[in-house]
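# Analysis of the macromolecular model
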Amino acid sequence: MDTLPDPAYAELYCLSNLSFQQATANVEDLLDRAKALGYAALAITEECSLYSAPRAHVHAQTIAFPLLIGCTLQLEEGLRLVLLVEDRAGYAALAQLISLARSRAEKGGYRIFLADLLPLSGLLAILLPEYRNAPAADHLVTELRAAWGGARLWLGLSLRYRGDQQRQLTALRHWQQHFQLPAVACTGVRMARRSERFLLDVLTAIRLRKPVSAVGWDLPSNGEQHLRTRQQLAQLYPAELLAESVHIAQRCRFSLQELRYHYPQGSCPASQSPQEYLQQEAEKGLLRRYPHGAPEAVRQQLQEELRIVAELGYANYFLTVYEIVSFARERDILCQGRGSAANSVLCYVLGITEVDPARAHLLFSRFLSRERGEPPDIDIDFEHERREEVIQYVFRRYGRRHAALTASIIHYRPRSAMRDAARALAFSASEQDQLCQQLAWWDGRRVLPERLQEAGFDPQHSAVQRLIIVVNALVGMPRHLSQHVGGMVLSETPLDALVPIEPARMSERTVLQWDKNDLDLLGILKVDLLALGMLTVLRRALADLHMRLADLPAEDPQVYAMLQRGESLGVFQVESRAQMGMLPRLKPHCFYDLVIEVAIIRPGPIQGGMVHPYLRRRAGQEAVSYPGPEVQKVLERTLGVPIFQEQVMQIAMEAAGFDGDAADGLRRAMAAWRRKGNLGPYQQRLLEGLAARGYAEDFAQQLCEQIRGFAEYGFPESHAASFALLVYASAWIKCHHPAVFTAALLNSQPMGFYAPAQIVEEAKRQGVQVLPVDIRRSHWETRARGRRVRLGLHQVKGLLRSDIERCLAWREADGNLDPETLLQDAGVGRQSLEKLARAGAFDALLGHRREALWQILALCKNTALALPVASKQPSTLPPPSAQSLCRDDYQQLGLSLGPHPLSFLRPQLEREGYRSIVQSLRRPSGTKVRVAGLVTHRQRPSTAHGTVFLTIVDESGSANLIVWPQRVEEWRRPVLHGKLLGVLGRLEKNGPYVHNIIVEEIQDYSTRLSDLRAVSQDFQ
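- Taking an unreviewed UniProt entry as the reference, the protein is identified by name as Error-prone DNA polymerase belonging to Igneacidithiobacillus copahuensis.
- Regarding the protein, the UniProt comment filed under Subcellular location (unreviewed entry) reads as follows: "Cytoplasm".
- Recorded under Function (unreviewed entry), the UniProt text for the protein is reproduced unchanged: "DNA polymerase involved in damage-induced mutagenesis and translesion synthesis (TLS). It is not the major replicative DNA polymerase."

### Describing the overall build of the protein
- Scanning the protein from N- to C-terminus turns up 44 helices and 23 strands.
- C-alpha extents for the protein along the principal axes are approximately 95 × 90 × 65 Å.
- For the protein, the proportion of its 1020 residues judged to be buried stands at 58%.
- Excluding contacts between residues fewer than 6 apart, the proportion of contacts in the protein whose partners are at least 24 apart in sequence is 72%.
- Carbon and sulfur atoms make up 49% of the accessible area of the protein, which totals about 42,600 Å².

### Some thoughts on the sheet that holds strand β17 (residues 788-790)
- Strand order in the open sheet formed by 3 strands is β15-β17-β16, with mixed pairing between adjacent strands. Of all the strands in the sheet, just β15 (769-771) and β16 (783-785) have a single pairing partner and so form its edges. Mean inter-strand twist for the sheet, computed between neighbouring axes without regard to direction, equals 20°.
- Along the sheet, helix α33 (residues 738-747) makes contact with β16 and β17, crossing β16 at roughly 175°.

### What to know about the packing of helix α22 (residues 577-586) against helix α25 (residues 611-618)
- Running from amino to carboxyl end, α22 crosses α25 at an angle of 35°, the nearest separation of the two axes being 10 Å. On the side of α22, the interface is formed by M582, R585 and L586, while α25 contributes V611, H612, Y614, L615 and R618.
- When its residues are assigned to classes, the contact of α22 with α25 shows 5 nonpolar, 1 polar and 2 charged.

### Concerning the nonpolar core
- Residues L83, Y91, L346, W514 and L529 are the most contacted members of the largest nonpolar core, which totals 137 residues.
- For this core, the leading source of residues is helix α13 (residues 315-330), giving 10 residues.
- When we break this core down by domain, the ones giving at least three residues each are domain 1 (10-258) and domain 2 (274-402 + 524-532).
- Membership of the second largest hydrophobic core comes to 95 residues, among which are A599, A739, W780 and A852.

### Considerations on the sheet that holds strand β8 (residues 335-338)
- Ordered by their spatial adjacency, 7 strands build an open sheet running β8-β9-β14-β11-β10-β13-β12, and the pairing between neighbours is mixed. In this open sheet, the two strands that pair with only one neighbour each are β8 and β12 (501-503). Ignoring which end each strand starts from, the neighbouring axes of this sheet average 45° apart.
- Sheet topology note: the strand β11 (residues 478-490)/strand β14 (residues 526-532) ladder contains 3 bridges and is antiparallel. Considered in β14, the bridge of M488 is made with V527.
- In this fold helix α15 (residues 387-398) packs onto β9 (378-383), β10 (403-411), β11, β13 (510-515) and β14, with an angle of close to 75° to the strand it touches most, β11.

### Structural notes on the packing of helix α1 (residues 27-36) against helix α2 (residues 53-63)
- The N-to-C vectors of α1 and α2 enclose an angle of 35°; their axes lie 9 Å apart at closest approach. The crossing of α1 and α2 is right-handed. For the pair α1 and α2, contact is made by V27, E28, L31, D32 and K35 and by R55, A56, H59, A60 and I63, respectively.
- Of the residues belonging to the contact of α1 with α2, the class tally is 5 nonpolar, 1 polar and 4 charged.

### Comments concerning the pattern of salt bridges
- The tally for this structure, following the rule as stated, stands at 58 salt bridges.
- Note that E969 is salt-bridged to R451, the shortest N-O span being 2.8 Å. With a gap of 518 residues between them, E969 in the loop between α43 (965-968) and α44 (972-977) and R451 in helix α18 (residues 449-454) connect regions that are remote in the sequence.
- Judged by its relative accessible area of 8%, R451 is buried.
- Across the salt bridge formed by R801 and E805, the nearest N and O atoms sit 3.4 Å from each other. With R801 and E805 both in helix α35 (residues 801-812) and 4 residues apart, this pair spans about one turn of that helix.
- Within this structure, R565, E567, K734, E762 and R765 form a network of salt bridges that share partners.

### Side note on the pairing of strand β3 (residues 67-74)
- Across the 8 residues that make up β3, a large majority, 7, are buried.
- Direction of pairing for strand β2 (residues 41-47) relative to β3: parallel, over a ladder of 6 bridges. Each bridged residue has a counterpart across the sheet, and for A43 the counterpart in β3 is L68.
- For the segment spanning β2, α2 and β3, crossover handedness is right-handed.
- Across 5 bridges, β3 lies against strand β4 (residues 80-85) in antiparallel orientation.

### Details of the pairing of strand β21 (residues 980-990)
- In this structure, strand β18 (residues 928-939) lies alongside β21, joined through 7 bridges in antiparallel fashion. Its bridge partner lying in β21, R930 is registered against L984.
- Bridge analysis of β21 against strand β22 (residues 994-1004) gives 10 bridges, and the strand direction is antiparallel. By the bridge assignment, N990 is partnered in β22 with V994.
- If you look at the hairpin formed by β21 and β22, you'll find 3 residues sitting between the two strands, and G991 has a positive phi there, around 85°.

### As for the packing of aromatic side chains
- Tallied over the entire structure, the rule returns 15 aromatic pairs.
- Look at Y695 and F699: their rings are 5.6 Å apart centre to centre, the planes differ by 35°, and that puts the pair in the tilted class. As far as the burial class goes, Y695 and F699 line up, both buried.
- One aromatic cluster is present, formed by Y131, W175 and F179 through successive ring pairs.
- The residue whose ring lies beneath R685 is F658, and the NZ or CZ to ring-centre distance is 4.6 Å.

### Comments concerning the environment of R289
- Along the polypeptide, R289 turns up in helix α11 (residues 274-289).
- Among the residues examined, R289 registers a relative accessible area of 24% and is labelled partly exposed.
- Of the polar contacts made by the side chain of R289, one reaches the backbone oxygen of T353; its length is 2.9 Å.
- One polar contact links R289 to E354, side chain to side chain, over a distance of 3.2 Å.

### Section: unusual backbone geometry
- Cis geometry marks the peptide bond from Q749 to P750, where omega comes out at 0°.
- Tracing the sequence through the fold places P750 in the loop between α33 and α34 (756-765).
- The residue Q180 is not glycine, and still its phi comes out positive at about 55°.
- Counting through the fold element by element, Q180 comes out in the loop between α6 (165-179) and β7 (183-185).
- With relative accessibility at 56%, the residue Q180 sits in the exposed group.
- Its identity is not glycine, yet E555 carries a phi of approximately 50°, on the positive side.
- By the element assignment, E555 lies in the loop between α20 (533-545) and α21 (557-564).
- Taking the relative accessible area as the measure of exposure, E555 reaches 37% and is therefore partly exposed.

### Focus: the UniProt feature "domain: OB" (unreviewed entry) in the protein
- UniProt marks residues 929-1003 with the feature "domain: OB" (unreviewed entry), using the numbering shown here.
- As a span, residues 929-1003 carries 13% helix and 59% strand, and end to end its C-alpha atoms are 14 Å apart.

### Overview of the side chain of E224
- Position of E224 relative to the elements: it lies in the loop between α8 (212-215) and α9 (230-236).
- A distance of 3.3 Å separates the side chain of E224 from the side chain of R228, its partner in a polar contact.
- Every residue in contact with E224, bar those within four places of it in the chain, is listed here: R160, Y161, T187 and R194.

### What about the side chain of R228?
- Position of R228 among the secondary structure elements: in the loop between α8 and α9.
- On the accessibility criterion, R228 (0% relative accessible area) is buried.
- If we skip the residues at most four places from it in the chain, R228 touches L37, Y39, L159, R160, Y161, T187, L233, L236 and Y237.

### Here we look at α33
- Across the 10 residues of α33, 10 count as buried, placing the element largely inside the fold.
- The set of residues buried in α33 consists of P738, A739, V740, F741, T742, A743, A744, L745, L746 and N747.
- Buried positions along α33 lie against α20, α32 (717-736), α34, β16 and β17.

### Remarks on helix α5 (residues 139-148)
- Listed as buried for α5 are L140, V141, L144 and W148. Down the axis, α5 shows its buried residues gathered within 95° of arc, on one side only.
- Turning to α5, the residues buried within the fold contact β4, α4 (114-117), β5 (123-128), β6 (153-157) and α6.
- Of the residues trailing α5, G149 is marked for its positive phi of about 80°.

Conventions adopted
Residues numbered from 1 in each chain as written. Predicted model: local features only at pLDDT ≥ 70, side-chain atom pairs only at ≥ 80, totals over all residues. Heavy atoms only, no water. UniProt positions renumbered as here; feature names shortened; annotations may be inferred. Helix = DSSP H or I, 4+ residues; strand = E, 2+ residues; numbered from the N terminus. Buried < 20%, exposed > 50% of the residue type's maximum accessible area, 1.4 Å probe, protein only. Contact = heavy atoms within 4.5 Å. Areas by Shrake-Rupley, 256 points an atom, 1.4 Å probe, with all protein chains shown as cover. Pairing = 2+ DSSP bridges. Axes fitted to C-alpha atoms, helices over the stretch in contact; angles between N-to-C directions. Nonpolar A, V, L, I, M, F, W, Y, C, P; charged D, E, K, R; others polar. Core = buried A, V, L, I, M, F, W, Y, C linked by side-chain atoms within 4.5 Å. Domains from an automatic or database assignment. Left-handed = near helix turned anticlockwise from the far one by under 90°. Salt bridge = Lys/Arg side-chain N within 4 Å of Asp/Glu carboxyl O. Right-handed = clockwise from strand over helix to strand, strands pointing away. Phe/Tyr/Trp six-rings, centres within 6.5 Å; stacked < 30°, edge-to-face > 60°. Lys NZ or Arg CZ within 6 Å of the ring centre and 35° of its normal. Polar contact = N/O pair within 3.5 Å; in protein donor to acceptor, adjacent residues only side chain to side chain. Arc of directions from axis to C-beta.

Written out as structure tokens, the structure reads:
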């Protein structure tokens, strides 16, 4: 007997894992599986979102499979339904409906009502009512039927082998007869395969923030919510319900390719076109930048850039960015463009970037090219404390429906997966902490049993084995939608008709539902408004000095001398231990040296083997050579070694015959090397072009290997030049005004590579007198005068600023500053007074901290009016010991101006053979030394092949420790978590300033610190 062919079927109700903890499979797997099963089409219908629409669209086109766009909604009145997009108008209606629903709730939620659906067109709806209820009682379906008619509504039925199939089908027939509506089969897919059921249960528990064992009826009843074979479906559903799914799919012909994005009109006079106005402003800017006349090369480059902008239609984009930067400058908000935009003369004359093209080697095609077909990408840094003013200006200027932040989809990493999985599997909170602490980022994307064994768990126990399986399944899955660090999208037409918009976690911000990487699909232009802490530091410091950035003297020899000694703590971009070690070797003596310094400690030059040849040539230890005159023209400024991305592109142009657009294609191929393993067609073209011009094959192959290094991460020269401006500015202030620089750094925290304790120690080393917090003299912020710094009250942890403002206003009015008066008359909170006392703010007034605390604690707690106790006699409490003061300082301030914590342990450490760091570093290179110190930094750069770098400090100074990869696992616990380490190692010196200790033994003495809160900057 011949078997009947499997029926045609299209799945119209399917969620992917971008519905966040509601499904297990990504859209690519779902589409691949649907095609393999012979489905006619697949609809991706996320919960009140279009998060996955761009990815689904791209993959569906790649595999040539029909995709339907839609979403699933739960009405506030109780009805669940699926909406499918029929045409372009329907897509806009759906995107705006989702935006409306999301705007009514906090981040992650939505609220939608029946009334919101009644006027919609271009959409089809599948209703999913409770069929066990009588149809006459469902007024929602009645109202929808009346508003939409019967041609766009269906009753959907999901059958999942729960033993009620016949009852469900009978009820469906009653509903069909009552409402005169067709019916359709739909599975409600949440998995690609049945085997993912365990993961769906765990995700449900994570979403509900309960252990799996406590979720109960909210768990799926079985594993049938997966893409099933058409044969299985034919056994469950009547043929007409399956056939109807194909009929619906044939009606939905919309594709994301139909969407059109329009950039908003830039601000320009009505009498001029945007291009004319841009040309006019560029000419004005050229005169401002070059009051004595612009170099001819710069003027010609500007005209060429303007021609390309006109040809590609990007005038409005540049005018918008110009307007944003002008707003910031009008309000004295420091800002500076960087990245590839710094290759542009146009950006420079408009004030968007600060890199003078007359001082740099620019490559405009790195920023914008005809061939690329991509919009320009301009990154602008603003002061991190004032960037929000700029973002809110953009929202006001363009409106909430025409401006939004770009989203970023956050995926599970091992540590977040471990915490969520452990909670879902009923591990206690302390066990969750214990499990997570043993994971390091370099362990890879899989959690191994030995990691859990190190945490004290038995990897053979069934609960632990389940945990490992679940964690490894979670890693890489989408966890939640976040906002991009600063990308903003603007649109002439309402953005919410292109991409749904939803509230961000931060107040007054809204975010698109698409990840930043998905925006290229529509050619959507993005402006990155980024936050940079160093700009805040510079603005504060320059305000104290009554200067502007332009007032700083150029090429100051004292600044370069300071940097050559490696004294760069707090200086922008060159404050890491690697940069501090590089500075004395590179010995910068001019601005361009700073450009190289910024770029050279990056994965690109390191992995391309370019660092040591450059240093040898710079030191005269290796001859500078060039394989040909074209290459010499490009590499002469870097001694024949390619340091920057642009240089690779320029070699391709000068020595291999590439034009600017082809060279930009080479850059993009470099970026894709990690995914593809080669440069595609550009590699052969590069080899042939070099060979045709007489270059040896060895040089060509070496160049390809260097390009491979840049594929990991290489700085463009324009980017490095932008940053070098800030390196010099911050170094100049540190060199000539260390107190002002210290105050600006402390007032701008959190930021940078160093904690306040290290910043204060560095200031003291520079001869700055740092004064403690004092209720009589400290302001909210730290202030500098001459070579003295007074710590601000902001440094005290947990203080309410409103309390301090009341306190300062009371002081300004000459009020008494004793605790009783501040509490009763000034209205300062009791907790704030206690924190001030513990931080020593009353010491100068009341003698010592115990006396201040005695007076505060003596104030009655439970009366409506805070009344003093009968006796006002001072206490007879002795002052706290130096060790107690040090502990309190670290707990309340994060630093201490008194003796270093190691000074109290020094006698014991001396008995155990540990010498001070300064004493040890004075010994000859190769000597065995034994030192101990608090860990301040831990680093494991990807380019170091597993080597871990630690920085420790004691009362005399700091030391850099190197732990080779083969020893890291042996000492994993102290390397990851030790606060106080004792080490035996071999001293290695490279010149007068670069000293390292190669670790041979490690001891963890953290328990000796008692409750001292020592904080390290770990793996930043």
